[in-house]
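Residues per chain are reported as follows:
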Amino acid sequence: MDDRAEVVRQLLRWFERRARDLPWRRGDPHAVWAAETMLQQTQAATAGAAASIAFNEPAPAVDGNVSRVLARLHAVSEPADSAAGRRRLWELAAEWIRLVPASHEPQAEDPEALPAWKRRMLRRGRGAWNQALMELGALACQPAAPACAEYPLAPACLARTQGAPEKLPARSRRAKTAARQAAAFVLERRGRFLVRTRSEGFGAGTLWEFPNCEIEQTTEAAFAAAARVLGLPPAAWRKLGLASHSVTVRRAALHALHARAAEPIRRRVRRDGFRWLARRRLAELAFSAPHRRIIDTWLMPVQERAGFGIPPSPKQGNA
Ligand code: SF4
């Protein structure tokens, strides 16, 4: 990589255009910390994210998205889930953050036209850099299909140059533990989606989720559960994909299905504390990691996702 300072400038410029309006980007330091803790479910990345985003410290932050981006950018061969791989990724994150200026001025022709939260966020250069890496991982550098061509790191990315970025980050071969299987039902009505806050367990009353339930191992079981939980026949649903998630050694596979709602369903779900919220509103709320992955992977507007996802309905609005 010839000019890392230029890579930093390019990514921050991209982030200035593409940063999503998320609640912790508007908040005070405590709100930042609380949101990060909830979303990451207290991973070691959290301290660095809070230190940089809230206090503009030159602290590296490495979550799953950042791991993937850095592993590809530098073609890291050590497995990301090994001690050596984690050490290497943290070293790289620390190298990068040292290149980031403490203060970054927005590059737009008229910076004052940017929303106040965005100007404030960008001017904290270190926090903006860490969030830009996370955003790149969430919107572009995704596990199976990185959308390289239109993103700012492409010229500098070694994995892309080598031709198979989707093969990184490497994973160690360890005995597979049985994954917990669950299904999440993305039910849509006129561009709005059925969600509610969790009623029990971690994040009860705070974290949002799609209707969901535990299932047996197969995708067929997910379709049968959709019919049981929401009363729509299996034929009404289509499979979106798997939103897998690991916390330490526990693995969970979340089978995501999508359907459009009919009138009887609307009356039935109103009783159970559900709400119909627009896509843009979903992007602002705190969801647990696998449910957040469903939103980022399949529900973002098509123009945000370079051709993936569910096309927006003609009548979209805000909740
Ligand atoms: S060029 Fe592609 S693989 Fe490399 S960081 Fe960007 S999106 Fe990821």
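Conventions used here
Numbering of residues starts from 1 in each chain and follows the order in which that chain's sequence is written. Where totals are concerned, whole chains, interfaces and linings use all residues; where local detail is concerned, this predicted model gives features only for residues with pLDDT of at least 70, and gives and counts side-chain atom pairs only at 80 or more. By definition, a nonpolar core groups buried Ala, Val, Leu, Ile, Met, Phe, Trp, Tyr and Cys residues that are joined through C-beta atoms within 7 Å. To assign burial, the other C-beta atoms lying within 10 Å of each residue's own C-beta are counted, with C-beta atoms placed from the backbone; 20 or more indicates buried, 12 or fewer indicates exposed, and intermediate counts indicate partly exposed. Residue pairs qualify as contacts under a 7 Å threshold applied to their C-beta atoms, which are placed from the backbone. For the purposes of this entry, the term helix denotes a DSSP run of H or I that reaches at least four residues, the term strand denotes a run of E that reaches at least two, and both are numbered from the N terminus. A helix is expected to reach a length of 1.5 Å times the quantity of its residues less one. Directions pointing from the helix axis toward each C-beta atom define the arc. Pairs of strands are assigned from DSSP output, requiring at least two bridges between the strands. Think of each axis as a best-fit line through the C-alpha atoms, taken over the contacting stretch in the case of a helix, with angles from 0 to 180 degrees between the N-to-C directions. Angle categories: roughly parallel below 35 degrees, roughly antiparallel above 145, roughly perpendicular from 65 to 115, and oblique for all the rest. Residue classes follow a fixed rule: Ala, Val, Leu, Ile, Met, Phe, Trp, Tyr, Cys and Pro count as nonpolar, while Asp, Glu, Lys and Arg count as charged, and any other residue, Gly among them, counts as polar.

For the rest of this paragraph, the subject is the nonpolar core. One finds V66, L70, L89, A93, W129, A132 and L136 to be the most contacted residues of the largest nonpolar core, which totals 38 residues. Those residues in contact with L70 that sit more than four places away from it in its chain are V76, L89, L92 and A93. By size, the runner-up hydrophobic cluster in this structure holds 31 residues, among which are F193, L194, L232 and A259.

All right, on to helix α5 (residues 83-99) then. With 17 residues, α5 extends 25 Å between its outermost C-alpha atoms, agreeing within 8% with the 24 Å of an ideal straight helix rising 1.5 Å per residue. Turning to α5, its buried residues are G85, L89, L92, A93, W96 and I97. Along the long axis of α5, the arc covered by the buried residues comes to 130°, so they all point the same way. Exposed and facing more than 90 degrees away from the buried side of α5 are A83, R87, E91 and R98. The secondary structure elements touched by the buried residues of α5 are α4 (64-73) and α7 (125-139).

A few words on the pairing of strand β2 (residues 192-197). Sheet topology note: the strand β1 (residues 180-189)/β2 ladder contains two bridges and is antiparallel. Across the sheet, R189 pairs through a bridge with R192, a residue of β2. Count of turn residues in the β1/β2 antiparallel hairpin: two residues, of which R190 carries a positive phi of about 50°. In this sheet, strand β7 (residues 275-278) lies alongside β2 in antiparallel orientation, the contact comprising four bridges. Its bridge partner lying in β7, V195 is registered against R275. The sheet contact formed by β2 and strand β3 (residues 208-209) spans two bridges and is antiparallel. When the bridges of β3 are listed, T197 appears paired with W208.

Let us look at unusual backbone geometry. Residue L168 is joined to P169 through a cis peptide bond whose omega torsion reads 0°. Along the chain, P169 turns up in the loop between α8 (158-162) and β1. The backbone of A75 sits at a positive phi, close to 45°, despite the residue not being glycine. Exposure remark for A75: the 18 C-beta atoms within 10 Å place this residue in the partly exposed category. Positive phi, normally seen in glycine, also occurs at R190, with a value near 50°. With respect to the secondary-structure elements, R190 resides in the loop between β1 and β2.

The N-to-C vectors of α4 and α5 enclose an angle of 85°; their axes lie 10 Å apart at closest approach. Here α4 is positioned roughly perpendicular relative to α5, judged by the angle of their axes. Here V66, S67, L70 and A71 of α4 lie close against α5, whose contacting residues are L89, L92 and A93. Residues belonging to the contact of α4 with α5 are distributed by class as follows: six nonpolar, one polar and no charged.

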